[in-house]
Each structure stands twice: as C-alpha cells, then as structure tokens.
Amino acid sequence: MTPADTGASTTVGAASAVSVPDTSDSRMAPGGPGYRRMSFALFLAGVATFALLYSTQALLPLISGDLGVTASDASWTVAAATGGLAVFVLPMSALSERFGRRTVMTASLAVAVTVGLLVPFAPSLPALVALRAVQGAALAGLPASATAYLAEEVTPRALVTAIGLFVAGNSVGGMSGRVITGWVAQEWGWRVAVGVIGVVAVACAVAFRLLLPAPRHFTAGSLRPRVLVRTVRDHLANPLLRRLYAIGALFMTVFGGVYTVIGYRLAEAPFSLPQGLIGSIFLVYLVGTVSASTAGRLVGRLGRRGALYLGGGTTAAGLLLSLASSLPLVLLGLVLITAGFFAGHAVASSAVGKTAQHGRAQASALYQSAYYVGSSAGSTVGAVAFHSGGWTGTVGVGLLAVLGVVTITVTGSVAARRSAGAVTAGA
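Note that the structure is predicted; figures quoted are calculated from it, not measured.

Reading the values: the criteria
Residues numbered from 1 in each chain as written. Predicted model: local features only at pLDDT ≥ 70, side-chain atom pairs only at ≥ 80, totals over all residues. Heavy atoms only, no water. Axes fitted to C-alpha atoms, helices over the stretch in contact; angles between N-to-C directions. Helix = DSSP H or I, 4+ residues; strand = E, 2+ residues; numbered from the N terminus. Parallel < 35°, antiparallel > 145°, perpendicular 65-115°, else oblique. Left-handed = near helix turned anticlockwise from the far one by under 90°. Contact = heavy atoms within 4.5 Å. Nonpolar A, V, L, I, M, F, W, Y, C, P; charged D, E, K, R; others polar. pLDDT = per-residue confidence, 0-100.

## Structural notes on the packing of helix α6 (residues 101-118) against helix α8 (residues 143-153)
And step 1. Their axes nearest at 9 Å, the elements α6 and α8 cross at an angle of 155 degrees. As the angle between them shows, α6 and α8 are arranged roughly antiparallel. Handedness of the crossing formed by α6 with α8: left-handed. Packed against α6, whose contacting residues are Arg101, Val104 and Met105, the element α8 presents Ser145, Ala146, Ala148, Tyr149 and Glu152 at the interface.
And step 2. The class makeup of the residues in the contact of α6 with α8 is 5 nonpolar, 1 polar and 2 charged.

## Section: the environment of Gly393
And step 1. In this fold, Gly393 is placed in helix α17 (residues 360-426).
And step 2. Distance in space between the C-alpha atoms of Gly393 and Thr219 is 48 Å, their sequence separation being 174 residues.

## Concerning the confidence of the model for the chain
And step 1. Confidence in the prediction of the chain, expressed as mean pLDDT, is 84, and 91% of residues score 70 or more.
And step 2. Confidence scores differ between elements of the chain, with helix α1 (residues 3-6) showing the lowest mean pLDDT of 37 and helix α7 (residues 125-139) the highest of 95.
And step 3. Note that residues 1-23 has pLDDT below 50 and, in this model, 19 contacts with residues that lie over four places away or in other chains.

## A look at the packing of helix α9 (residues 159-188) against helix α16 (residues 327-355)
And step 1. Their axes nearest at 9 Å, the elements α9 and α16 cross at an angle of 135 degrees. Our classification of the angle between α9 and α16 gives oblique. Crossing handedness for the pair α9 and α16: right-handed. Note on element contacts: α16 touches α9 through Phe342, His345, Ala346, Ser349, Ser350, Gly353 and Lys354, opposite Leu159, Val160, Ile163, Val167 and Ser171.
And step 2. Classifying every residue of the contact of α9 with α16 gives 6 nonpolar, 5 polar and 1 charged.

Shown next as structure tokens:
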C-alpha cells in the first residue's frame with residue numbers, strides 16, 4: 001500500500017528537500033488569491049453550523065424545567081438535530097456532486113437559519129424535537145460539501161490546514177452559541193436565547209455567500225442511484241476509510257456525551273452554578289479552535305497515527321480529571337477533552353479527503369454521517385448513563401469510546417507494517 005492508503009509516514013530525501021513550486025497548479029494556497037476569503041467564508045459556515053446544531057445543548061436544564069421533562073427526554077433536542085444531519089448528509093453530498101458545492105451549502109444554510117428562527121416558538125417538546133430534526137437535515141449540506149470543496153479548490157499541501165480552519169469555525173460556533181445562550185437565557189429564558197442564535201446564524205450565512213469564491217475545479221457528476229451506490233460501496237471497501245469513519249464516530253461519542261450532560265452536573269451540588277456561568281464553561285471551545293487549526297503541524301511531526309494517539313490520550317486524561325469534585329480540575333478536564341477531540345477530528349476528517357481518489361463528497365459524507373451518529377449516540381447514551389450512574393457513568397461511556405479509537409489506530413498500524421513487510425519481501 002502507498003502511504004495514502006496506510007497512513008504511514010514517509011521520509012523525504014535530501015535530494016528532494018528543495019523543490020520548485022508548481023506554478024501550473026491553479027488551486028488556492030496560503031498567501032495566494034482568494035485563499036483568505038475562502039478560509040473566512042468557510043470559517044463562518046462552520047460557526048453557523050455548530051451554533052445552530054447545538055443551540056439547545058447548554059439550555060437543557062432550562063428546557064427540562066420549562067417543559068417538565070427529564071434530562072434524557074430533553075437530550076433529544078440535540079440528538080434529533082445531529083441524527084437528522086447523519087441521515088441526510090449522504091443524499092446532500094450527492095446533490096452537491098450534481099449541482100455544485102457552493103450551491104448546496106448556500107441552500108442548506110438558508111433553510112437551516114429559517115428553521116432556526118422558528119425554533120423559539122415550538123409549543124411542546126415533540127414540536128421542538130421535530131423542528132430540530134429538520135434543522136439538522138438542512139445542515140447536512142454543509143460538512144461534506146465543504147470538505148469536498150476544499151479537496152478540489154485547495155492545494156494538497158494546504159488541505160489539512162484549510163480543513164483545520166473549517167473545524168476551528170465549528171469550535172467557535174459551538175462555543176459562542178453556548179456562551180451566548182447561557183447568559184441570554186439567564187435573563188430572558190431559553191426561547192429568546194435560541195432566537196438570538198438564529199439571528200447570528202443569518203448574518204454568518206449572508207457573509208458566507210458573499211465571500212466564498214466560485215469553484216474553479218468542480219466537475220458535475222451524476223445523480224443516478226446506481227452510480228451513487230457504487231461509489232459508496234467503493235469507499236466502504238477501503239479499510240483505511242472504514243477505520244477513519246469509526247474513529248470520527250467514537251471521538252464524537254465522547255464529545256456529545258460530555259457536553260450534553262455537563263450542564264446538569266454543574267447545576268447540581270457541589271457546584272450549583274447559575275445558567276450564565278454554565279454557558280461560559282463552553283469558552284473552553286477556544287482550546288479546540290487552536291488544536292484543530294494546528295492539526296496540520298501535528299501530523300507533520302507525529303504522523304497521522306501518532307496524532308490520533310495523542311488526541312485519544314489527551315481526551316482520556318481529561319475524562320479522568322473531570323471526575324474530581326474540584327471545579328478547577330473539572331475545567332482542566334474539559335480543556336483536555338476538547339483539545340483531544342478537535343485535534344483527532346481534524347486529523348481524521350482531513351485524512352478522508354486525502355485518501356478518497358474519487359467521489360470525495362460521498363467519502364466525506366460517510367465520515368460526517370458516522371461522526372454525527374456518534375454525536376446522537378453520545379448525547380443519548382451519555383444522558384442515560386448520567387441518569388443511572390451520575391457523572392461517573394458518562395465518563396465510563398467516554399473511556400470506552402476512547403479505547404475504541406486506540407484499538408482501531410493500533411489495528412491500522414499493524415496493517416501498515418504488514419503491508420510494508422510484504423512490499424519489502426516482494427522487492
């Protein structure tokens with residue numbers, strides 16, 4: 001297998017250390033025309049996506065109290081949105097292959113922000129869950145299309161960094177959405193809080209459409225179901241892609257479970273924090289912004305698998321620290337969980353774009369589908385574990401997921417060594 005197939009690192013010889021830039025490549029690169037506009041546009045798209053997708057997560061205790069439901073029932077307002085995205089991300093990616101990445105991303109944001117302005121008026125939990133499911137389905141057009149757009153329009157050497165910036169936008173959106181809703185909800189209630197997020201998302205969507213450069217390397221594909229099925233089958237037959245999909249799902253299981261339940265834990269003794277301070281806890285997402293945007297350098301130093309080991313180990317250390325009854329230690333645990341998750345996610349998602357040689361939107365869509373299935377599972381299972389075993393139960397679920405990440409990465413390492421040995425023996 002080639003390094004792209006196995007994730008194995010390569011050594012660049014001294015003779016090739018100095019290379020002449022390929023001026024014939026018209027794709028965007030750092031410092032080149034359009035790169036900053038593109039980066040900022042997709043950063044804003046990431047902000048809007050995560051702000052809308054998780055707009056109710058920090059408000060779950062208030063929703064529980066207002067609608068008279070349990071934590072596990074309220075968690076469906078998060079799970080429905082991420083589940084809707086997971087189900088529709090593959091069909092949306094097929095539409096982007098036919099009608100273009102920018103077109104699908106623009107339409108998806110338009111529908112999502114419209115629904116976001118309706119969410120505050122949901123009269124009951126079932127209505128709220130239904131609106132959130134529609135919103136998640138609309139947002140499905142963003143993640144896979146954005147990754148495919150970058151894979152086509154950005155030079156390969158800049159791809160990890162570019163995707164890291166998009167993921168960083170996700171972290172900023174997740175952070176700002178939760179912080180804003182926390183403080184607004186403390187004064188005016190959860191309905192006004194999610195309405196404010198809807199307005200912020202509208203502004204991001206408009207700026208995104210105005211800034212994103214028109215694609216220059218997109219080639220329209222077919223909408224024929226047979227072609228789509230064949231492409232999906234090819235991707236699922238690739239062992240590396242299967243491992244990357246599983247890793248994304250497991251990382252998100254940890255993250256979804258922790259951040260769905262943390263508000264309930266901090267509202268209870270011994271912390272008993274008010275809603276505004278609980279929302280401010282999500283400022284630790286800034287750590288995710290940094291770790292995601294530096295994922296390219298991390299892979300350069302440690303290799304893909306080394307970066308995944310580091311992300312998994314950091315996440316596990318954070319989970320264990322969060323068991324403490326000291327608020328500073330809990331916050332430090334959340335910092336480590338967030339840093340490990342965003343680094344691992346950026347590494348795995350960028351590896352998908354580099355590994356897939358055709359049908360990149362479908363390859364990215366399968367990753368996003370697995371990723372958000374993990375989010376829905378983490379939100380639901382984490383809440384159930386908290387209900388039955390407290391925070392220790394939620395941490396236990398997270399540690400099992402991290403163990404899965406490490407096991408899959410070790411399996412990839414073993415497969416790479418065997419492949420390298422077979423090639424050497426054949427030579």
